[in-house]
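# Commentary on secondary and tertiary structure
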Amino acid sequence: MKLFNSMTKTIETFVPYNGPEVKMYTCGPTVYNYAHIGNLRTYIHEDILEKTLNYLGYDVKRVMNITDVGHLESDADDGEDKMLKGAQRENKTVWQVAAFYTDAFFVDCEKLNIKKPDIIAKATDYVPQYIEFIKTLEAKGYTYFANGNVYFDISKFPKYTELSKMNLEDLRIAHRDDVEEDLHKKNPQDFVLWFTKSKFDNQAMKWDSPWGVGYPGWHIECSVIALSNLGEQMDIHCGGVDHIPVHHTNEIAQTESYTGKTWTKYWWHAEFLNDSLGKMSKSAGEFLTVSLLEKKAFDPLSYRYYVLNSHYRKQLAFGFENLEMAQTAYQKLKRKTLALKKDHQEDLIITEAGNKLRAAFKETLADDLNTANAITVLYDVLKSDLLDAEKVSIIEEMDRVLSLDLLKEAEVSEEDVNSDEVVWIENLVEARVKAKADRDFAKADAIRDELKAKGIILTDTAEGCKWSRI
Ligand code: AMP
Ligand code: ZN
């Protein structure tokens, strides 16, 4: 497996610390609002990374945090508190907002076939561990107390710019993010480990600590949650590229100061999904969610297909026309794969030509996750001379990673059975059966096409004509 490592800025051969066991950490969502499809692009690529590693024989233990406290508007601890802003907007408590958007996040993930990580850790469940962590950093001389807050002093960590490769002045600009600078910091890039003197009188999430009642900074949660669940060293740490200059830089500074060891072997970052204003964000421009795509009659898996046709290290410009094209291609692909599954009669024989295609698929994913080429190999399987049974078995294998439900027929739910649409479909199916009996094949084909355009496919079986959704 070759992976691009953002720390060395090169493509490296992946060698985990501990043989086939891979420890993987992914920064999770801040649950003050729905995830937008840009956030979900990153989670789709992370899902592919995890599934590829499994496919290649690694045993992955994956941890994800849920940020339900401490994340201010700017990653560099300035601006308003995101959770509090969400609570005010919705007239709810921060706890209610966190619970609601955590559930909403996993509903979206399920629709996009993003697997749940093995361990999901809420930031608010680790407060005693943050306090112990800060006490250790304090005892080692990495912190100072000013204006009621505990800060990490970045001048004590000489490798501070190692990940970002930026000089401190450029980093200062990246950290400020156009909000008011905290003049109590010794260095502009110092960051808060524990807030006690909150700018927000109505801050609801507060805990007692040796420094006074307060709450943790944002960066500390990922360090502590990772250390608690994966130990002092891990193989892959993931997130979007926006995390490089501040969040991940700060995570490294505090974690390595705490353990005295190199923490993460491979830093993995996904590029942005852009809209007409640049990086899609929750605070600017139109903010697209999975439900909005569904309202516009897009299948969430068409969005997954769209994302997989791009490389995770390249920015992707979002446009509805592109998504429409992706949906058409995805539906066509699924019609073909489902038809293969239904039609094939013969027993499975594994051939050399089939194995070559399997190997090509593996190789392209192992080449820094080239998902777009992996999909090309999938089309190569469809176009090949292999027997249908072997095609189906290869596609089944590929779909364990791609997770596009290529061989899964949509289920017809109970309430669907008597719906107007189902009555309409069944009338057409009956009309087609009659047309065929009357040898009016033009009419029969026209009916088949009409249903196909609505995502309904027909299969002629010994028990008669059956329909299903793609
Ligand atoms: P957040 O919920 O804001 O903490 O972000 C969740 C994840 O989405 C992080 O890994 C971010 O780096 C990533 N992210 C934020 N905006 C975008 C975007 N426009 N495109 C892709 N990933 C993004
Ligand atoms: Zn994080």
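## A short note on the overall build of the protein
- Counting its regular elements, the protein contains 15 helices and 16 strands.
- Summarising its shape, the C-alpha atoms of the protein cover approximately 90 × 50 × 35 Å along the three principal directions.
- Here the protein, with 470 residues, has 56% of them falling under the buried criterion.
- In the protein, the proportion of contacts linking residues at least 24 apart, taken out of those at least 6 apart, comes to 75%.

## Side note on the packing of aromatic side chains
- This structure, assessed with the given rule, holds 23 aromatic pairs.
- Note on Phe-298 and Phe-320: the rings are 5.9 Å apart at their centroids and 25° apart in plane angle, and the pair reads as stacked. Here Phe-320 lies in helix α10 (residues 320–343) and Phe-298 lies in the loop between α8 (290–295) and α9 (300–308), a separation of 22 residues in the sequence.
- Its relative accessible area of 7% is what places Phe-298 among the buried residues.
- Over the ring of Phe-100 we find Lys-92; its NZ or CZ atom is 4.7 Å from the centre of that ring.
- A cation over a ring is seen here: Arg-313 above Phe-4, with NZ or CZ 4.1 Å from the ring centre.

## A short note on the side chain of Thr-42
- For Thr-42, the location among the structural elements is in helix α1 (residues 37–55).
- The residues contacting Thr-42, other than those within four sequence positions of it, are Gly-239, Gly-240, Trp-268, Ala-270 and Glu-271.

## Description of the pairing of strand β6 (residues 143–146)
- Bridge count between β6 and strand β7 (residues 149–152): four bridges; the pairing is antiparallel. Residue Ala-146 lies in a different strand from β7, and its bridge partner there is Asn-149.
- Connecting the antiparallel pair β6 and β7 is a turn made up of two residues, with Asn-147 showing a positive phi of about 50°.

## Notes on the coordination of the zinc ion (ligand 2)
- All of the protein donors around the zinc ion (ligand 2) are Cys-27 (SG), Cys-222 (SG), His-247 (NE2) and Glu-251 (OE); their distances to the metal are 2.0 to 2.6 Å.
- One can describe the site at the zinc ion (ligand 2) as irregular: its four donor atoms subtend angles covering 71 to 128° at the metal.
- Here the donor residues of the zinc ion (ligand 2) are spaced in sequence according to C-x194-C-x24-H-x3-E. Residue Cys-222 is located in helix α6 (residues 219–230), and its partner His-247 is located in helix α7 (residues 244–259); the two are separated by 25 residues in the primary sequence.

## Digging into the domain arrangement of the protein
- For the protein, the domain assignment lists domain 1 (2–270), domain 2 (275–402) and domain 3 (414–469).
- If you average the C-alpha positions of domain 1 and of domain 2, the two centres end up 31 Å apart.
- At the junction of the two partners, domain 1 supplies 33 residues and domain 2 supplies 37 residues.
- Regarding the contact of domain 1 and domain 2, the summed buried area is about 3,100 Å², with carbon and sulfur atoms giving 65% of it.
- Three residues, Ile-37, Arg-41 and Tyr-55, lead the burial of domain 1 against domain 2; their summed loss comes to 26% of the area buried on that side.
- Across the domain 1-domain 2 interface, the total number found is three salt bridges.

## Focus: helix α12 (residues 371–383)
- Taking 1.5 Å per residue, 13 residues should reach 18 Å; α12 reaches 19 Å between its end C-alpha atoms and fits that length.
- Turning to α12, its buried residues are Thr-371, Ala-372, Ala-374, Ile-375, Val-377, Leu-378, Val-381 and Leu-382.
- Among the structural elements, α1, α9, α10, α11 (352–366) and α13 (388–402) are those in contact with the buried residues of α12.

Scoring rules and cut-offs
Residues numbered from 1 in each chain as written. Chains lettered and ligands numbered in written order. Predicted model: local features only at pLDDT ≥ 70, side-chain atom pairs only at ≥ 80, totals over all residues. Heavy atoms only, no water. Helix = DSSP H or I, 4+ residues; strand = E, 2+ residues; numbered from the N terminus. Buried < 20%, exposed > 50% of the residue type's maximum accessible area, 1.4 Å probe, protein only. Contact = heavy atoms within 4.5 Å. Phe/Tyr/Trp six-rings, centres within 6.5 Å; stacked < 30°, edge-to-face > 60°. Lys NZ or Arg CZ within 6 Å of the ring centre and 35° of its normal. Pairing = 2+ DSSP bridges. Donors = N, O, S within 2.8 Å, 3.2 Å for Na, K, Ca; no water. Tetrahedral: all angles 85-135°; square planar, octahedral: opposite > 155°, others 65-115°. Domains from an automatic or database assignment. Buried area = accessible area lost by both parts, 1.4 Å probe. Salt bridge = Lys/Arg side-chain N within 4 Å of Asp/Glu carboxyl O. Expected span 1.5 Å × (residues − 1).

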